[in-house]
Amino acid sequence: MPQPLPAEPVRVEVHVTADGRVDVAGRPVVPGVGEPVQDAVLDYLHRQVLSTGVPVLATVRDERIGWITPIQVHADGSSRFAAEPIPLPEHMPRPQAASEAPAPATVPAVAEPAPASAPQPGPAPVMAPEPDAKAVTPVAAGAVPAPEPAGVASPPPTSPDLIDGPVARINEAIQRGWIEWAAGHARESTATAAESLGWDDPGVLRLRELNAYVAFVAGDVRRSFNSSLEIARIRSSRQDPLALQSVHNAAAAWAKVAEPVEAIAMGRDLVALWVLAAPEGSDTSHLDAARARIARLEERAAR
């Protein structure tokens, strides 16, 4: 007896306004107290799949981050990107005349080659290792797993609800090269998680660290530096051994700041925290290189 063909996904439109209001196929969806908008949407779509037995292919027009994202939701609650996100038309840059068009932009390299006389203070930012085997590592450090099943969110949200799902989606976007989407989703997810859990919650620090990494990849090295240094301060105050990795992440961003006066101020803040975060007896070669760079910058600024 021939097997029935799999059902085609049902297509629905999801609209998220700039102030966070949501409708799915014209029907309003109201997130629960403290529930992230994206979780409320995924839960609504999952319930639709369960009621019809047919997967849903949703086109999410999110005005908060300025992107249209196709997402497919399955009966087991899992979701995946169905295609590459594209900018909302109103967020796309205006066409430029050939005479004023800028040179093609490139994604900045993760590590900057140093002159022979100027060693770098540290490698490119990496995510701190997690003891959980499912922990996500950014592209610069290794493979990125697929998003975890969305499931049905609990009413009072827990850390995995607010952290693990966004981390997986952001890392998948980085792996696919959707840097602008990853940056917008990282900022939104961090703010949502911090509102419920606090800015210094360990899970929120994971999201903030990923946020800083996305900023680094996108070329916003100053924001990457400031974010990494703040994370390092929080971890150092708790005597968290991950503080030193956060310092190294900040150092990688600082190495790309060329303006002497600004780089000197940033470097002094970096070194002061580095001394506090480094365990006794640890390798100081990167710290010494940072001090040497500050000295060279001071010489250049004095000319």
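Draft legend 1. Here's a closer look at the overall build of the protein. Summing up its helical and strand segments, the protein has 8 helices and 7 strands in all. Across the 303 residues of the protein, 44% fall into the buried class. Summing over all exposed atoms, the protein offers an accessible surface of approximately 15,700 Å²; the carbon and sulfur share of this is 57%.

Draft legend 2. Spotlight on the nonpolar core. Phe 225, Leu 229, Val 247, Trp 254, Leu 270 and Trp 274 are the most contacted members of the largest nonpolar core, which has 26 residues in total. Those elements that provide at least two residues to this core are helix H5 (221–237), helix H6 (243–254), helix H7 (260–277) and helix H8 (285–302). In this view, Leu 270 contacts Phe 225, Leu 229, Val 247, Ala 250, Ala 251 and Trp 254; residues no more than four positions away in its chain are not counted. Membership of the second largest hydrophobic core comes to 23 residues, among which are Trp 67, Val 167, Ala 182 and Tyr 213.

Draft legend 3. Main features of the confidence of the model for the protein. With 74% of its residues at a pLDDT of at least 70, the protein reaches an overall mean of 76. Here residues 92–123 is modelled with pLDDT under 50, and outside its nearest four sequence neighbours on either side it reaches 41 contacts, counting other chains as well. Predicted confidence for residues 127–155 stays below pLDDT 50, and this span has 60 contacts to residues more than four positions away or in other chains.

Draft legend 4. Fine view of H7. Between its first and last C-alpha atoms H7 spans 25 Å; for 18 residues at 1.5 Å apiece the expected length is 26 Å, and the two agree. Among the residues of H7, those classed as buried are Pro 260, Ala 263, Ile 264, Met 266, Gly 267, Leu 270, Val 271, Leu 273, Trp 274 and Ala 277. The elements touched by buried residues of H7 are H5, H6 and H8. Its side-chain oxygen 3.2 Å from the backbone nitrogen of Val 261, Glu 259 forms the N-cap of H7.

Basis of the calculations
Residues numbered from 1 in each chain as written. Predicted model: local features only at pLDDT ≥ 70, side-chain atom pairs only at ≥ 80, totals over all residues. Heavy atoms only, no water. Helix = DSSP H or I, 4+ residues; strand = E, 2+ residues; numbered from the N terminus. Buried < 20%, exposed > 50% of the residue type's maximum accessible area, 1.4 Å probe, protein only. Areas by Shrake-Rupley, 256 points an atom, 1.4 Å probe, with all protein chains shown as cover. Core = buried A, V, L, I, M, F, W, Y, C linked by side-chain atoms within 4.5 Å. Contact = heavy atoms within 4.5 Å. pLDDT = per-residue confidence, 0-100. Expected span 1.5 Å × (residues − 1). Polar contact = N/O pair within 3.5 Å; in protein donor to acceptor, adjacent residues only side chain to side chain.

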